[in-house]
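So the chains spell out like this:
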Amino acid sequence: MEGVDLDNPGTALDRSGHPNPVPRIVGPIRRPAPVQVGDLRFLRARTDRPVKMTVPGPFTMSQQAQNDHYPDAEAAAMDHAAAVNAEIRDLFAAGADIVQIDEPYMQARPEAARAYGLAALNAALDGVTGTTAVHICFGYAAIIHERPEAYSFLPELAGCPVRQVSIETAQSGLDLGVLSDLKDKTVILGVIDLSTPEVEPVEVVAGRVRRAFGHVPPDRIVIATDCGMKYLPRESAEGKMRAMAEAARLLRHEISA
């Protein structure tokens, strides 16, 4: 990305309030060339299954940077949005089936998300015709240990153009009544707890999915992990993925019986 100094980082507070080294914005944010298209082509050449790519969201990127150029964070978010929009278009052109925008800081900073974050997300999706998703979460479980029982920013996504909304429910025991606010969206339902390496029994995972059936029809649910699994041991991550796949198989059989 042009306009960003990675060699001389700045500082920004993370969602837990701790200062972290972050990219420093020193000029207009521009994307001169595709970033992830090579990774997509590598993946696409190795499977005939549907593939999804993820990109960082414009609001979250603007929150995780030191702004030494723009008059305010909103202006930085909107230029990030233009770069994300170009990346999404190139990913679909290269064969992506789904592109997901990760926006964890919409949950962490809901006031700013309402003020301009949603507009930046909409700008990132402008003119995009493929299947898109947005992921909202409470942060990596290995870093953010406490989970609220409700999202501070979620119903606002009902009117945005993404087709799928990814949330986490396993560790938080989220009140799933909020899903009724998402109306026609497909819900990517996080049902794998990433705060522990213990592999959940299949029936526990299936039970977490069944909780959603009273709010969202099964054909609009995709099950997933709560968030990223990078802090888990590989053996644990693989076990949790197997439990999730087996739970999906069990629930499909129940629904079709």
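Here the structure is shown first, and the text comes after it.
Predicted model only: the values in this text are computed from it and were never measured.

K.L.:
Could you give an account of the environment of Pro32, with specific residues and numbers?
P.N.:
Mapping Pro32 onto the fold places it in the loop between strand E2 (19-30) and helix H1 (37-44). For Pro32, a relative accessible area of 60% translates into the label exposed. With 183 residues separating them in the primary sequence, Pro32 and His215 have C-alpha atoms 43 Å apart.

K.L.:
Provide a residue-level description of the sheet that holds strand E1 (residues 2-13), including the pertinent values.
P.N.:
Ordered in space as E1-E2-E4, the three strands form an open sheet in which the pairing is mixed. Every other strand in the sheet has two partners, leaving E1 and strand E4 (66-67) as the edge strands with one partner each. Across seven bridges, the pairing between E1 and E2 is antiparallel. Across the sheet, the residue bridging to Thr11 is Pro21, located in E2. The sheet strands contacting helix H3 (residues 73-93) are E2 and E4, and the helix crosses E2 at an angle near 70°.

K.L.:
So what about the sheet that holds strand E7 (residues 164-168)? Which residues, and what values?
P.N.:
The six strands lie next to each other as E3-E5-E6-E7-E8-E9, forming an open sheet whose pairing is parallel. A strand with exactly one partner marks an edge of an open sheet, and here the two such strands are strand E3 (52-56) and strand E9 (221-224). This sheet shows a mean twist of 25° between the axes of neighbouring strands, independent of strand direction. In the sheet, E7 pairs with strand E8 (residues 186-190) via five bridges, with the strands oriented parallel. Of the residues in E8, the one forming a bridge with Ile167 is Leu189.

K.L.:
So, the environment of Ala212: which residues are in play, and what are the values?
P.N.:
Mapped onto the elements of the fold, Ala212 is located in the loop between helix H6 (202-210) and E9. Relative accessible area serves as the criterion here: at 1%, Ala212 is assigned to the buried category. Residues Ala212 and Asp175, 37 residues apart in the sequence, show an inter-C-alpha distance of 9.5 Å. Setting aside residues no more than four positions away along its own chain, Ala212 makes contact with Leu176, Leu179, Leu189 and Ile221.

K.L.:
Summarise the pairing of E2; cite the residues concerned and give the values.
P.N.:
Between E1 and E2, which pair antiparallel and follow one another directly, the connecting turn spans five residues, one of which, Gly17, has a positive phi of 90°. Of the pairings in the sheet, the one linking E2 to E4 comprises two bridges and is parallel in character. Pairing of Ile25 across the sheet is with Asn67, part of E4.

K.L.:
Go over the side chain of Glu200, please, and point to the residues and values.
P.N.:
Of note, Glu200 is situated in the loop between E8 and H6. When its relative accessible area of 8% is taken as the criterion, Glu200 is described as buried. Separated by 2.8 Å, the side chain of Glu200 and the backbone nitrogen of Asp193 make a polar contact. Polar contacts involving the side chain of Glu200 include one to the side chain of Lys240, which spans 3.0 Å. Beyond its immediate chain neighbours, meaning those up to four positions away, Glu200 contacts Val191, Ile192, Asp193, Val205, Arg208, Lys240 and Ala243.

K.L.:
Provide a residue-level description of the layout of surface pockets, including the pertinent values.
P.N.:
Counted as a void, the second largest pocket has a volume near 430 Å³. Lining the second largest pocket are 15 residues, and of these Ile221, Val222, Ile223, Ala248 and Arg252 lie nearest its centre. Mapped onto the lining of the second largest pocket, the elements with two or more residues apiece are E9 and helix H7 (234-256). For the lining of the second largest pocket, the element with the most residues is H7, which contributes seven residues. Looking at the lining of the second largest pocket, its residues break down into 13 nonpolar, one polar and one charged.

Conventions used here
- Residues numbered from 1 in each chain as written.
- Predicted model: local features only at pLDDT ≥ 70, side-chain atom pairs only at ≥ 80, totals over all residues.
- Heavy atoms only, no water.
- Helix = DSSP H or I, 4+ residues; strand = E, 2+ residues; numbered from the N terminus.
- Buried < 20%, exposed > 50% of the residue type's maximum accessible area, 1.4 Å probe, protein only.
- Pairing = 2+ DSSP bridges.
- Contact = heavy atoms within 4.5 Å.
- Axes fitted to C-alpha atoms, helices over the stretch in contact; angles between N-to-C directions.
- Polar contact = N/O pair within 3.5 Å; in protein donor to acceptor, adjacent residues only side chain to side chain.
- 1 Å grid on protein atoms, 1.4 Å probe; cavity = no way out; pocket = protein on both sides within 12 Å on 5 of 7 lines; lining within 4 Å.
- Points joined across faces, edges and corners; volume = space filled by probe spheres on them.
- Nonpolar A, V, L, I, M, F, W, Y, C, P; charged D, E, K, R; others polar.

Worth remembering: the numbers are spatial, not functional.
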